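Read off the chains here:
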Amino acid sequence: MNILFTALILISIAVMLAVSPAQVFPTMISGVKSAIELSVKLLAIYAVWLSALKMMQATGLDKKLSKLLRPVIKRLFKGDSDEAYSNISVNLSANMLGMGGVATPAGIKAMSLMQDGSEKITQNMALLIVINATSVQLVPATVIALRATAGSSDAASIFLPTLIATSISTLSGILICKTLSVKNDSPNRKTKTLSHNIGNVKSDFGKYILKMRRGK
Amino acid sequence: MSVFILPVLLLVLIVVSVAKRVKVYDCFLGGAKDSLSLVKSVFPYIAAIFVCIQLFRESGAADWLAKVLAKPLSYLGIPAEITQLMMLVPLSGGGAIALLEDIIARYGVDSYIARCAACVSGASETVFYISAVYLSACKAKKLRYAIPVSLFCTLLGTTAACLLCRFM
């Protein structure tokens, strides 16, 4: 992020020096101004949403969800300890509800419980990263609230498409991880290059699409 | 229909809270208190990315980049206006929210572009940030296929979101 930020700013300012040098500072300051306006909006959104999350925690709804997830997690992350399973279920259920503050510590704990001592992460660790990185949030509350404050006629209309899109990305992530780990388990194929892996991902995706089409 | 989703969920939550004798008022106080510290921690990221976005846009570099990427993305049905958001989402959550707000202000909240952008940012996560934070307590640092797979699946989700927004 440091490199990206510096590069972007450097290029932009260099170009602006040639085109409109007087605009550099006003542009930067108006940028921070918009940031403050957005922060005030977010402050209001979070105040409402976080209090709803507090209620969820107090009523134990989050724990119930993590219990429901438990059997699925046991099957997905075969071969790890019970302690890891319970941390994973807390992590995923909290992320589903949008409670990043609860999810992250549990995720970190789960990761350290799953490592096998080598420098490489295990297949289950990769799976947990992919599941989290493809977003498992059920209600995109911040986005919906932002749309509502901007005066949308139906702020929650993005709920369903978002849910479908994130399910597609998470499910395909799990599928690809599982196919990759099956391939990695076979002997003599331990060292693999990145391009190799991407190739596998592509062919797996092709097979998946074929399957889907046949299914239809 | 979808207008009812969140209010009904909230209503159910409050009813359950009352049934379980949870102090609703205290929950609200706690939430409002937490929101202050949350915004405080997110603000620097939002400020940095807004400065970045505005400079990038004012200099004309953004238009150039969007032009270059418009063609390959159009094959996937992703509008060029979403390009910058797509590139920012894996890097910075606060930044993505900032850019989403910017897109909403520019194109109008109920426009196809803005709804698309909302879906994309709602359906994706900060891939690089997550993999760094989750591994922070681990000795293992080699990520193997985790990042390429996550990015590829995010692209898949983005494509799906842009397609779904056309008729949903």
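Only a predicted model underlies this, so the values are computations on that prediction, with no experimental measurement involved.

What counts as what
- Residues numbered from 1 in each chain as written.
- Chains lettered and ligands numbered in written order.
- Predicted model: local features only at pLDDT ≥ 70, side-chain atom pairs only at ≥ 80, totals over all residues.
- Helix = DSSP H or I, 4+ residues; strand = E, 2+ residues; numbered from the N terminus.
- Buried ≥ 20, exposed ≤ 12 C-beta atoms within 10 Å, placed from the backbone.
- Contact = placed C-beta atoms within 7 Å.
- Axes fitted to C-alpha atoms, helices over the stretch in contact; angles between N-to-C directions.
- Parallel < 35°, antiparallel > 145°, perpendicular 65-115°, else oblique.
- Left-handed = near helix turned anticlockwise from the far one by under 90°.
- pLDDT = per-residue confidence, 0-100.
- Core = buried A, V, L, I, M, F, W, Y, C linked by C-beta atoms within 7 Å.
- Nonpolar A, V, L, I, M, F, W, Y, C, P; charged D, E, K, R; others polar.
- Expected span 1.5 Å × (residues − 1).
- Arc of directions from axis to C-beta.

1. A short note on the overall build of chain A
- Counting its secondary structure elements, chain A contains nine helices and zero strands.
- Secondary structure elements of chain A, listed N to C terminal, follow the sequence α-α-α-α-α-α-α-α-α.
- Burial analysis of chain A (216 residues in total) assigns 40% to the buried set.
- Taking as baseline every contact in chain A between residues at least 6 positions apart, the subset at least 24 positions apart corresponds to 57%.

2. What to know about the overall build of chain B
- When helices and strands are counted, chain B shows eight helices and zero strands.
- Secondary structure elements of chain B occur, N-terminal to C-terminal, as α-α-α-α-α-α-α-α.
- Taking the principal axes of the C-alpha coordinates as reference, chain B spans close to 60 × 50 × 30 Å.
- By residue count, 45% of the 168 residues in chain B fall in the buried class.
- Looking at chain B alone, contacts between residues at least 24 apart form 63% of all its contacts between residues at least 6 apart.

3. Topic: the packing of helix α3 (residues 61–76) of chain A against helix α4 (residues 82–96) of chain A
Residues and elements named next belong to chain A.
- The N-to-C vectors of α3 and α4 enclose an angle of 125 degrees; their axes lie 8 Å apart at closest approach. In terms of orientation, α3 lies oblique with respect to α4. Between α3 and α4 lies a crossing whose hand is right-handed. Note on element contacts: α4 touches α3 through Y85, I88, S89, V90, L92, S93, A94 and M96, opposite D62, L65, S66, L69, R70, I73 and K74.

4. Considering the environment of A:L50
Residue and element names in this part refer to chain A.
- As for its position among the elements, L50 is in helix α2 (residues 24–59).
- Judged by local crowding, L50 falls into the buried class, with 24 C-beta atoms found within 10 Å.
- Sequence separation between L50 and M99 is 49 residues; the distance between their C-alpha atoms is 8.4 Å.

5. Section: the confidence of the model for chain A
- For chain A, per-residue confidence averages 82 on the pLDDT scale, and residues scoring 70 or more make up 84% of the total.
- Predicted confidence for residues 187–192 of chain A stays below pLDDT 50, and this span has three contacts to residues more than four positions away or in other chains.

6. A look at unusual backbone geometry
- Within the chain, A:S135 stands out as a residue other than glycine whose phi angle is a positive 65 degrees.
- By C-beta crowding, A:S135 is classed as buried, having 29 other C-beta atoms within 10 Å.
- Its identity is not glycine, yet B:R144 carries a phi of approximately 50 degrees, on the positive side.
- Within the element layout of this structure, B:R144 appears in the loop between α7 (127–134) and α8 (146–167).
- What makes B:R144 buried here is the crowd of 22 C-beta atoms within 10 Å.

7. Details of the nonpolar core
Residues and elements named next belong to chain B.
- Within the largest apolar cluster, 100 residues are counted, with the highest numbers of intra-cluster contacts made by L85, L100, V120 and A161.
- Top element by residues in this core is helix α2 (residues 24–58). It accounts for 13 residues.
- Setting aside its immediate chain neighbours within four residues, V120 contacts I82, L85, M86, V89, T158 and A161.

8. So, the packing of helix α7 (residues 141–149) of chain A against helix α5 (residues 93–107) of chain B
- Contact geometry for α7(A) and α5(B): axes closest at 11 Å, N-to-C directions at 30 degrees. Accordingly, the angle class assigned to the pair α7(A) and α5(B) is roughly parallel. Once α7(A) is placed against α5(B), the crossing between them reads as right-handed. Contact residues: α7(A) offers A:T142, A:V143 and A:L146, while α5(B) offers B:I97, B:L100, B:E101 and B:I104.
- Taken together, the residues of the contact of α7(A) with α5(B) sort by class into five nonpolar, one polar and one charged.

9. Description of the confidence of the model for chain B
Residues and elements named next belong to chain B.
- Across chain B, the average pLDDT comes to 86, with 99% of residues at 70 or higher.
- No element of chain B has a lower mean pLDDT than helix α3 (residues 61–75), at 80, and none a higher one than helix α6 (residues 112–122), at 92.
- Both confidence scores are given for the complex: pTM 0.77, ipTM 0.82.

10. Observations regarding helix α5 (residues 100–114) of chain A
- Helix length check: α5(A) (15 residues) gives 21 Å between terminal C-alpha atoms against 21 Å at 1.5 Å per residue, within 8%.
- Those residues of α5(A) that fall on the buried side of the exposure criterion are A:A103, A:A106, A:G107, A:A110, A:M111 and A:M114. In a view along the axis of α5(A), the buried residues occupy a sector of 140 degrees, so they form one face of it.
- Next to the buried residues of α5(A) lie α4 and α6 (123–133) of chain A together with α7 of chain B.

11. Structural notes on α6(B)
- Burial within α6(B) is extensive, with nine of its 11 residues counted as buried.
- Residues of α6(B) that are buried include every one of B:A114, B:R115, B:C116, B:A117, B:A118, B:C119, B:V120, B:S121 and B:G122, and no others.

12. Section: the environment of B:K71
- Following the sequence through the fold, B:K71 ends up in helix α3.
- In this structure B:K71 comes out as exposed when scored by C-beta crowding, with 9 C-beta atoms within 10 Å.

13. A look at the environment of B:A66
- In this fold, B:A66 is placed in helix α3.
- For the pair B:A66 and B:T83, spaced 17 residues apart in sequence, the C-alpha to C-alpha distance is 6.5 Å.

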